[in-house]
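What follows is the residue order along each chain.
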Amino acid sequence: MWWLITLSTLGGLAVLFLLGRRNERSVRRDWELLLTPRGEELYRSISGRVQTQLELADTTYDEAFTVRQLGSVEEAKHLLDVGFKVIEKFCPTMLQLLSAMATFSRMVSAMTPIRPLRPQSFRLPQIVSLAYVNQLVHQFLVSTAERFRLRLYVLGRGFGLATRFLLSSTRRIASNAPEQDREWDQIQAIRDDFQTLTDESMESLRVLLTSLATQDRDALLDRI
Amino acid sequence: MNRLQQAIAFIGIGLLAAAAFGSLVRRRFRAWWFFSLYLLMVLVLEGLMLVAPARFHTPEFWPAKETAYAGLRFAMACEVGVRTMRAFPGALATARRIVLLILAVTLAAVATAPESSHYTTFVGELQPRVLNGSIWMLTAIAGVILWYRLPVQPFHKAILLSYLPYVLVFTILLSYLGRAGWQRGIAMQYVNQLAYVTLVAYWNYAIWRRDPPTGLRSSRPDQDGAA
């Protein structure tokens, strides 16, 4: 009996703590964002910002590859470093966006079906494996909302992996480690994967907005 | 009950009366019917125990009173769940499944309690199991609210956040008293009384205050209760 009471106490206190510290105004603001056209505008601006950041990183890396081919190795390394700094800022933005989408997906009453990630779209072996896992687990999940959140989770892990490998390759090139060509090829593969991960994230965002569009928003706003 | 316990009990009754009155005047009963009913019932039954202890402060009356409270507690939890989730069919369906499971488990726990008509069995074995079920209900509803990120009325949140810790304290206390006996658990009785008085004082604050603005587009004088 005492273990049951202890369990109830711990569970109850944990939930109370989380509910207590929740900012109710922020929750209601999120719902308002979700249920009014402001939400769509906001997410479209996020999409634009994300694409711009990725284009900036792409331009830097293109420059790095070109400069390397021309023989300026030091300049190429410097540009790689700059490119990584852009990705370093870009990645948390994407992770935050994915996390927000996962939260909002719980608030949608019916999620539009979405396909799982295609392993053939990726180049880094570790991300390819993740995509295969996504495809496999996708079959076992029942609701479209769960499948959507699984996809977001895999995308988040993909961004994390890509950033880690990019850092590793950038450092190895900077320290003149052997097999430099392989590191440069890996960086190219990671760039392609970043683009794919971003495109898939934007597709997920589009699906979320489509699902929201089918909700009776005004009725829901009135009842809240 | 000694003089000090009686004094604390009178303060508690006074606060309950203020809370019940506030629930009427501030129209909180429209936001949460079973909570207002609970206040009224506690006021009446605890009042009876205080003014006529010979007739009502008895081992026969106490279990009946607590059973009534338990029923109202479950009803309160269900009502706040429905009110918060009625606009969200997915969340409501999840909450319904969880609540049914909790009710089934609580029923099973009560059914498997030691069989005895003795008062101490009710206090030490039966009542903690029922209270545990209440804790799970309230925790589950709060959990669904968190998971689905549902907006919750400030009044509902204030009562939930204050009542659940008290029920936890009361459950632990009751389990201890069931084993140690009322005479040995006199300190625990004081703890319970003071905890309850603190709880009802906070309820008065939650009932009488003006709720903070929700900031939502459709925000208007709360159709369920006081603004």
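Here the structure is a predicted model, which is why all the values come from computation and not from measurement.

**Description of the nonpolar core**
Line of reasoning, step 1. Judged by nonpolar contacts, the single largest core of 56 residues is most densely connected at Leu 16, Ala 19, Leu 39, Met 137, Leu 138 and Ile 141 of chain B.
Line of reasoning, step 2. Residue assignment for this core shows that the elements contributing at least two residues are helix H1 (2-21) of chain A together with helix H1 (3-25), helix H2 (33-51), helix H4 (61-85), helix H5 (89-111), helix H6 (119-147), helix H7 (154-180) and helix H8 (186-208) of chain B.
Line of reasoning, step 3. At 14 residues, H6 of chain B tops the list of elements feeding residues into this core.
Line of reasoning, step 4. Ignoring anything within four residues of it in the chain, the contact list for Ile 141 of chain B reads Ala 77, Val 80, Gly 81 and Ala 95 of chain B.
Line of reasoning, step 5. One finds Tyr 43, Ile 87, Ile 127 and Leu 130 of chain A within the second-largest nonpolar core, a separate group that totals 48 residues.

**Examining the interface of chain A and chain B**
Line of reasoning, step 1. Each side of the interface is counted separately: chain A has 31 residues, and chain B has 32 residues.
Line of reasoning, step 2. Secondary-structure elements contributing two or more residues to the side of chain A that touches chain B are H1, helix H2 (24-35), helix H4 (73-107) and helix H8 (217-223) of chain A.
Line of reasoning, step 3. The element that contributes the greatest number of residues to the side of chain A that touches chain B is H1 of chain A, accounting for twelve residues.
Line of reasoning, step 4. Taken together, the residues of the side of chain A that touches chain B break down into 14 nonpolar, eight polar and nine charged.

**Quick look at H5 of chain B**
Line of reasoning, step 1. Given a rise of 1.5 Å per residue, 23 residues ought to cover 33 Å, and the 33 Å separating the end C-alpha atoms of H5 of chain B matches this to within 8%.
Line of reasoning, step 2. Burial in H5 of chain B covers these residues: Ala 91, Ala 95, Val 99, Ile 102 and Thr 106 of chain B.

**Quick word on the packing of H4 of chain A against helix H7 (residues 180-213) of chain A**
Residues and elements named next belong to chain A.
Line of reasoning, step 1. At a minimum axis separation of 11 Å, H4 and H7 run at an interaxial angle of 25°. As the angle between them shows, H4 and H7 are arranged roughly parallel. In this structure, H4 crosses over H7, and the sense of that crossing is left-handed. Facing H4, whose interface residues are Met 94, Leu 97, Leu 98, Met 101, Phe 104 and Ser 105, H7 presents Thr 198, Ser 201, Ser 204, Leu 205 and Leu 208.
Line of reasoning, step 2. Its residues assigned to classes, the contact of H4 with H7 shows seven nonpolar, four polar and no charged.

Conventions adopted
Residues numbered from 1 in each chain as written. Chains lettered and ligands numbered in written order. Predicted model: local features only at pLDDT ≥ 70, side-chain atom pairs only at ≥ 80, totals over all residues. Core = buried A, V, L, I, M, F, W, Y, C linked by C-beta atoms within 7 Å. Buried ≥ 20, exposed ≤ 12 C-beta atoms within 10 Å, placed from the backbone. Helix = DSSP H or I, 4+ residues; strand = E, 2+ residues; numbered from the N terminus. Contact = placed C-beta atoms within 7 Å. Nonpolar A, V, L, I, M, F, W, Y, C, P; charged D, E, K, R; others polar. Expected span 1.5 Å × (residues − 1). Axes fitted to C-alpha atoms, helices over the stretch in contact; angles between N-to-C directions. Parallel < 35°, antiparallel > 145°, perpendicular 65-115°, else oblique. Left-handed = near helix turned anticlockwise from the far one by under 90°.

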